[in-house]
Each structure stands twice: as structure tokens, then as C-alpha cells.
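Each chain, written out:
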Amino acid sequence: MMLTFHLRTLAQFFIRKRVDFKRVVLPKFYSSDNFCPTSGAERYRHLQRYFNRRVRATCLHFNAVPNYSMVYGLYHVYFIDTNVIYRIDQRQANQSPERLLDLEQFLERDGSGPKTVGQWAVQRIRLSPQERHLAVTLKKYHKEEQRCVIINLGHETLFSLIQPHVIFTLDKVFSFEWATDDVLYFTTIVGLRSSTVFCLDLTKNRKITSVFAEPKLNVFVEVALTRDQKLLTINCNSRSSSEVLVIDKDNLSHEPLMIQRRVPELLYHVEHWKGSLIILTNTGPGQEYQVVQTSLSEPAVDSWMPLYFPPPGFTIKDMEIIEDFGVLITRTPSCQIGLTVMSLNNPDVLYFMELPSWACAFEAKKAGVGGKTNTLEFLISSPVHPPHQFCLLPEEGLVLSAEGNKIYIDQLNTITTSRLEACSKDGTLVPITLFHAAHLKALKEVPLLVHVYGSYGRDHNMEFCPKKRLLLELGWVLAYCHIRGGGEGGLYWHRQARVKGKQKSVEDLVACLQHLFSSGVSSSSVTALTACSAGAVPVGALCNLYPQLIKAVTLQAPFLDVLGTMEDSSLPLTIEDKEEWGDPVGNPSHKRIIASYCPLHNITPQVYYRFFTQRYPSMLITAYSGDSRVSLSGIVKYAEELQKAINSHFTLNQRSECGHKPNIILNIQPGANHHGQEDFDLMVNEDALELAFLYTELGLDPPRHLRKKQSVDVLATM
């Protein structure tokens, strides 16, 4: 069970679909040349075709990286392959996989019809304790909508063998867990809101009863099991507070037990160990996370006994209970990941396990019905390092590397991970993670891609990305700026840039860019910024204030109209997002603050000086027509206002004085939701366009292979 999952108000969903690549013609599609639909991106097509091949090849090269999609039961191993669920009997050698659910066949039998087969994908599976039933969620493409399918896994009777078969389906299911082999608890999601817990009892004519309902609109509800599978937790989280109820799986008739009622700014996450509760909560010094213990009979905060608080500069990101040990996923002051292992029998006995210096993302294997209980299996990765499998034995103090890691071990030696710090305007040191192939002293003229997020107290997504790996192989430097507003520096790091402090995110980003340049890493003429979702806020603000620091920008599903969104309470996330951005309707000071940095409302005309032009960078803005979280109208309006400012400047001044005119490309993709494309071909095409845009707008020479091909083409025409 992951803290980062439970304390996230809205979980990310995954979609897969194969559709024809085409643009949606909305009222306006903008380029820097004109306002004609579908124009603007043609100048990148030649390079895009080249990068399409390179991205595709890189993805296929790393397609065998490990993952935790397999589920271990008492007798079988379950896995998903191309929307088919299989199982293999662990008791029999050399057995062929048995098909349990073929999504295409199921949808046709279900009456959905053949036209809907390509609109769903298998997402998650949960196995009942004695392996009698399997619950599977199917995710609908382009919509944040799920269906849960219950499968009877079959058994032998006195007279016959019952084959696996579907017995029930549930619509709009978000989270779900088995309490017994016949009782399933689940939550539903309606309009991006999950607020009610239900119980399905297969022994009582499939009766469904309501167990819990959350009245607050800014609270998101989900169910989960503790790692030891003893308690079912009902987690009710807002952006800044928690309330958890637990259900004893051995006493389902009892009412859910409240651990601690909601208190403003109190966050906590519950695990179970030998009849007591181990809680990760922000009651430590400075309202940071610490580990506490309490009894089930007296679970409220007054009875919480502190067990561990990290040293200064270290932050706890997550917690796993492995038999008699608490394993804490920890970040160091430089944003490196490590493991703090604590004996629950004697909390004074603990040790810190360093992980490889390049490790940026951590994924623990979910506890299963038939999994090992004395080890913690996990994956670590970085944007340029594919996932590597490790196993922690807490009692022995050992971290073992899996055999499969040897596949890519030689490639790790060619990549350097550097940790830098930039001094922000108020003196705060902001960590920067840098990936590069050349020596640090040889990066002055190397193209630089800077990544930023800095919102909602969430760490930057630094999981492996084939596109980032390709850029590194092409000689780029990749920088990740861990600005305030994110979660890398703990809860204090987030609070510093929330509501009234949002401007600090922009100041941190400016400091990071200036520090990189002064340290000999690239220059503004070959530097690009990239961000997605709320990460677009500091990027857009920087472009309004200091556009001379960068040459190009790429944005995906960007949040650019903060003021307009937060003034519209009819939008699905406005109410809960008040804790992050403020309330411009009910608080005039909040409105003034938001208006001071909102990217859309601060677009300014370009300035021309005799020896210097302050102009906007070229931008590639990718939006998705099915995005229900970020208003498409706000993105379109931003592109329109930005284009007006650029056109006005070039109309009033001579082109020779103004220099190169920035290109603003609004690329609206059909259907996909806020998390973008999941179809492989569409993802590759989107990534290829981004790389072609960056090479063109930074004025970089084409990669060597393409230059050779161009020379051959020229000779052939002579």
C-alpha cells in the first residue's frame, strides 16, 4: 500500500486505444503564421518522421523492462497480456497459461457489441483470499470511467468441474478490495468524485449495501487493504487533511472504526502490525511526517506514540510494513532516494540503506495473497534508467539485485547523475537533478531540456521515459528542477508555495535556470522548458516575466487559466483546488495574488531595445479534447492571446529589428483525456513531433543519421 496513492486526491488512470491519427478541427487552431485549422506543424514533418522511427526503436529496445503486473495467489500466478487475463498453476511444471477473461469475447457476449471492443482495456485485478474469485476493472478509453467484472475462478464439485466464468459486473468502480472470498468493498466515481463505499455480498443474492458516504465535496474516498491483509481501510482525503476508518476482516458485521476525525492540516496513513496500528502522519516537528504507534482500542491522535522522525533535511515519502520492520522510503536533502529500516520491536534499532545515486522513482510490489511476507520487492528507475528490480531483506539488512538487471547494467556507466542546488530569491536552496553523458565541464554548448512541476505537494514524475533516454543518447542534458510547491522537500516545501506563496515556484525556476547557466551547463539560446498540467503555471509565468532565459517550450495538457478556472465553481475540481490555489471569489487578496502570476492574464507585448529583444519563446502546446480536468477553452484562449501579442509586436516593428518570430503551435489531439495518449502509435507520433519541434526551434543540426540521408537525397537530385 502506497502513501503517495492514498493521500492523492485524484488518482491517475491509464487508457489504451488504437485509433487513426488525425486532428480534431475545433473553432480555431493556431500557428504563428495564421489562424487556419491544421496549419503550423507542417514545418516539422520531415524531422518528425525521422524521430518517429527513433522513438519507436528506443521504446522497443526497452520493452522487456520488469513490472509488477503479475498477481500471485495461493496456487496460481495471474497476468495480463493484450487485454487477456491468464493464469498458470504453480503446482504443475511446464503448464500452458489458462485463459480466464478475453476482453473482446466478454464485451461481445455482454451485449456491448463489436464496435465497443476497442474502447476498453484491462486495468487492475484483485484476487480473493482463498483464490475463489477475481475482480477486474476495465477502463474506458478517453473517459475516466471503469467497469468492474467479477469472475468465479472455478472449482471441483462432487459431480463436476466448474469452469471459470463471469458472474457479475459493476459500473463506475474506482477502488475495490476483497474482505473475504465472497465480500467485495468498492467505491464508485461520478464526475471525478469518489465519495461512497459499497459492499457486495455474493452469498446474499449479490446484495449491494452502502457502507459509508462522505458529504464534503473536496474529499476523495477510496478503499485499500493493509499490507498484512488484516484490515480494510476507508481513506477519506482532501488536499490537506485525512480521515481514516478501518474494518476488521474477521468482524465484518461491526461498524467501521474511526481512527481520528478530520482535523485541518492533519494527514495520516494507517498500517496494521500485530494488533496495533502503525501510522505515518504529519504530527512531527514542523508538521512533517513521522511514524507513530497506537492501539485499535484507543486509536485517536491523543494516544499516538512517536516511534521515528527523520533527521533534518530528510523526508519520509512512503511506508511499508514487512513483518517486524517498518521500511520508510526516504528522500535526502539532495532528493536522492534511500530506505530507512526500523525494527518495530525496538524502534531504536534502525539503519539507512543507500540506493544507486541515479534512483529517482520507487515502486514497491503490492502485497498479494500468495506473496512473500519477509521481503520487500521493489523497482527503481529514473527518466533515463529503465526499471531495475531489487529485493530488501530487512532482518539481514541486505538489498539484492535481480538477475535480469544485468541486461542494461553496461549502459548505466555511460550516464552521469549530478545533484546541484540553486539559491532562490529568498535564500532557499532548490535541488536540481541533472542527467548527462558528457563531463559536467563539457556541457556549455549542449542543448538543455528543463523539466518542472511544483504543485499539489507531489514529487516530479521521474519514472523511466524512452523519449528522455533518446535525448540523452543524442547528446542533450536533462535537468529536473525540484521547485517549491512540489513534495520533494517534504510538506513544508509544498506549504511554502501554496495559495499566497505561489510566486515562489516561479522564483525557484528562475534561480535554477540562472544557476545552470552560471555553472557552465548550456545557455539560454539552446535551452527549452517542458511541463505538463499544473507545471505549466510556473513555466507560463516565467515566459511572461523572463522570456529571454529560454528559446522554446513544450506543454502537455497545461493549466494556464488559473484565475478563470478558480472563479468557476461549476468545474469539477475547483472546490477542492481552493486549498492549492486559493479562493478568488470569496477572498479578494487571493484574487489579486492569482491575477499577479496567472499565465493567461499576464501576457504582455514583446519589448524591443536597441541591442536586445525580449520576446516569447516558441511553444508547442498539446491539449486533449477529452480532458475533463483542464479547460480546453482556457488553453485555446491562451494560445490566441499569445499569438495576438506576438503579431502586434511584429506588425509595429520591422521584422529585421525584431529577429526571428516565435512559432506558437496548438496541437489538439482527439479523444484522449488529461493523461494523454496511451495508444503506442499515437504516443510515438506525439513524442516525435515534440523532438522535431525542439530541434527546429533551437536551431540544432539534425542528428547524424538524418544528415547522411539528406546528403544522399541531394546527390540523387544532381
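Residues numbered from 1 in each chain as written. Predicted model: local features only at pLDDT ≥ 70, side-chain atom pairs only at ≥ 80, totals over all residues. Heavy atoms only, no water.

### Here's the deal with the overall build of the chain
Part 1 of the argument: A count of helices and strands for the chain gives 15 helices and 40 strands.
Part 2 of the argument: Here the chain holds 718 residues, and 56% of them are scored as buried.
Part 3 of the argument: At a minimum sequence separation of 6, the contacts of the chain that also span at least 24 residues come to 59%.
Part 4 of the argument: As presented, the chain carries roughly 30100 Å² of accessible surface, and 52% of it is formed by carbon and sulfur atoms. (Helix = DSSP H or I, 4+ residues; strand = E, 2+ residues; numbered from the N terminus. Buried < 20%, exposed > 50% of the residue type's maximum accessible area, 1.4 Å probe, protein only. Contact = heavy atoms within 4.5 Å. Areas by Shrake-Rupley, 256 points an atom, 1.4 Å probe, with all protein chains shown as cover.)

### Some thoughts on the confidence of the model for the chain
Part 1 of the argument: Summing up the model confidence of the chain, the mean pLDDT is 87 and the portion of residues at 70 or higher is 86%.
Part 2 of the argument: Confidence over residues 1-39 falls short of pLDDT 50; this stretch has 131 contacts with residues more than four positions distant or in other chains.
Part 3 of the argument: Low pLDDT (under 50) marks residues 711-718, which in the prediction has zero contacts with non-local residues, meaning those over four places away or in another chain. (pLDDT = per-residue confidence, 0-100.)

### Side note on the side chain of His76
Part 1 of the argument: One can find His76 in strand E2 (residues 76-81).
Part 2 of the argument: Reaching out from His76, the side chain makes a polar contact with the side chain of Glu131 at a distance of 2.6 Å.
Part 3 of the argument: Non-local contacts of His76, meaning those with residues more than four positions away in its chain, are made with Val71, Arg87, Ile88, Asp89, Gln90, Arg91 and Glu131. (Polar contact = N/O pair within 3.5 Å; in protein donor to acceptor, adjacent residues only side chain to side chain.)

### What to know about the sheet that holds strand E28 (residues 376-381)
Part 1 of the argument: One open sheet holds the four strands; their spatial order is E27-E28-E29-E30, and the pairing between them is antiparallel. Whereas interior strands pair on both sides, the edge strands pair on one side only; in this sheet they are strand E27 (361-364) and strand E30 (398-401). Each neighbouring strand pair of the sheet contributes to a mean axis angle of 30 degrees, computed without reference to strand direction.
Part 2 of the argument: In this sheet, strand E29 (residues 388-393) lies alongside E28 in antiparallel orientation, the contact comprising five bridges. Paired with Ile380 across the strands is His388, a residue of E29. (Pairing = 2+ DSSP bridges. Axes fitted to C-alpha atoms, helices over the stretch in contact; angles between N-to-C directions.)

### Some details on the pairing of strand E32 (residues 429-436)
One face of the sheet, then the other: side chains in a regular strand alternate in exactly this way.
Part 1 of the argument: When you tally the buried positions in E32, you get seven out of eight residues, the bulk of the element.
Part 2 of the argument: Where strand E31 (residues 416-423) and E32 come together, eight bridges link them in antiparallel fashion. Bridged to Ser418 within E32 is Leu434.
Part 3 of the argument: Hairpin connection, E31 to E32: the antiparallel pair is bridged by five residues, and Gly427 has positive phi, about 95 degrees.
Part 4 of the argument: For E32 and strand E34 (residues 477-481), the ladder comprises four bridges, and the chain directions are antiparallel. Among the inter-strand pairings, Phe435 is bridged to a residue of E34, identified as Leu478.

### Focus on the packing of helix H5 (residues 466-473) against helix H14 (residues 680-697)
Part 1 of the argument: The interhelical angle for the contact between H5 and H14, taken along N-to-C directions, is 30 degrees, at an axis separation of 11 Å. In this structure, H5 meets H14 at a crossing whose hand is right-handed. Facing H5, whose interface residues are Lys467, Leu470 and Leu471, H14 presents Asp687, Glu690 and Leu691.
Part 2 of the argument: In the contact of H5 with H14, the residues fall into three nonpolar, no polar and three charged. (Left-handed = near helix turned anticlockwise from the far one by under 90°. Nonpolar A, V, L, I, M, F, W, Y, C, P; charged D, E, K, R; others polar.)

### With respect to the side chain of Asp102
Part 1 of the argument: Inspection of the secondary structure puts Asp102 in strand E4 (residues 98-102).
Part 2 of the argument: A distance of 2.5 Å separates the side chain of Asp102 from the side chain of Arg99, its partner in a polar contact.
Part 3 of the argument: Beyond its immediate stretch of four places on either side in the chain, Asp102 contacts Asn83 and Val84.

### Quick word on unusual backbone geometry
Part 1 of the argument: With a phi angle near 60 degrees, Lys172 is a residue other than glycine that sits in the positive phi range.
Part 2 of the argument: Looking at where Lys172 falls in the secondary structure, it is placed in the loop between strand E10 (165-171) and strand E11 (173-178).
Part 3 of the argument: Here Ser522, not a glycine, exhibits a phi torsion of approximately 60 degrees, which is positive.
Part 4 of the argument: Its relative accessible area of 0% is what places Ser522 among the buried residues.

### Comments concerning the sheet that holds strand E21 (residues 290-295)
Part 1 of the argument: Across the sheet, which stays open at both edges, the four strands sit in the order E19-E20-E21-E22 with antiparallel pairing between neighbours. Looking at strand neighbours, the two that pair on one side only are strand E19 (268-273) and strand E22 (305-308), the edges of this open sheet. Strand-to-strand twist in this sheet, taken as the mean axis angle between neighbours without regard to direction, amounts to 30 degrees.
Part 2 of the argument: Sheet topology places E19 next to strand E20 (residues 276-281); six bridges connect them, and they run antiparallel.

### Details of the pattern of salt bridges
Part 1 of the argument: As enumerated under the stated definition, the model contains 25 salt bridges in all.
Part 2 of the argument: A salt bridge links Asp459 to Lys317; the nearest nitrogen and oxygen atoms lie 3.0 Å apart. Separated by 142 residues along the polypeptide, Asp459 in the loop between strand E33 (448-452) and H5 and Lys317 in strand E23 (residues 315-322) bring together distant segments of the chain.
Part 3 of the argument: A residue is classified by how much of its surface remains accessible, and Lys317, at 15% relative accessible area, is buried.
Part 4 of the argument: When the shortest N-O distance is used, the salt bridge between Lys365 and Glu377 registers 3.9 Å. Taken together, the positions of Lys365 in the loop between E27 and E28 and Glu377 in strand E28 put the pair 12 residues apart, joining distant regions of the chain.
Part 5 of the argument: Accessibility expressed as a relative area gives 17% for Lys365, which makes it buried.
Part 6 of the argument: Judged by relative accessible area, which is 22%, Glu377 ranks as partly exposed.
Part 7 of the argument: When salt bridges that share partners are traced, they join Arg126, Glu177 and Lys366 into one network. (Salt bridge = Lys/Arg side-chain N within 4 Å of Asp/Glu carboxyl O.)

### Looking at the packing of aromatic side chains
The relative placement of two aromatic rings is captured by the distance of their centres and the angle of their planes.
Part 1 of the argument: Throughout the structure, instances matching the rule amount to 15 aromatic pairs.
Part 2 of the argument: Between the aromatic rings of Tyr44 and Phe693, the centroid separation amounts to 5.6 Å while the plane-to-plane angle is 65 degrees, which identifies the pairing as edge-to-face. Note that Tyr44 is positioned in the loop between helix H1 (3-6) and helix H2 (45-61) and Phe693 in helix H14, a separation of 649 residues in sequence.
Part 3 of the argument: When its relative accessible area of 1% is taken as the criterion, Tyr44 is described as buried.
Part 4 of the argument: Under the relative-accessibility criterion, Phe693 is labelled buried at 0%.
Part 5 of the argument: Ring centres 5.2 Å apart and planes at 65 degrees place the aromatic pair Tyr50 and Phe51 in the edge-to-face group. One exposure class covers both Tyr50 and Phe51, and it is buried.
Part 6 of the argument: Each member of the aromatic cluster is reached from another via a ring pair, and the members are Tyr50, Phe51, Trp476 and Tyr695.
Part 7 of the argument: In this structure, Arg126 packs its charged tip against the face of Phe176, placed 5.6 Å from the ring centre.
Part 8 of the argument: One cation-aromatic arrangement involves Arg147 over Trp120; the distance from NZ or CZ to the ring centre is 4.8 Å. (Phe/Tyr/Trp six-rings, centres within 6.5 Å; stacked < 30°, edge-to-face > 60°. Lys NZ or Arg CZ within 6 Å of the ring centre and 35° of its normal.)

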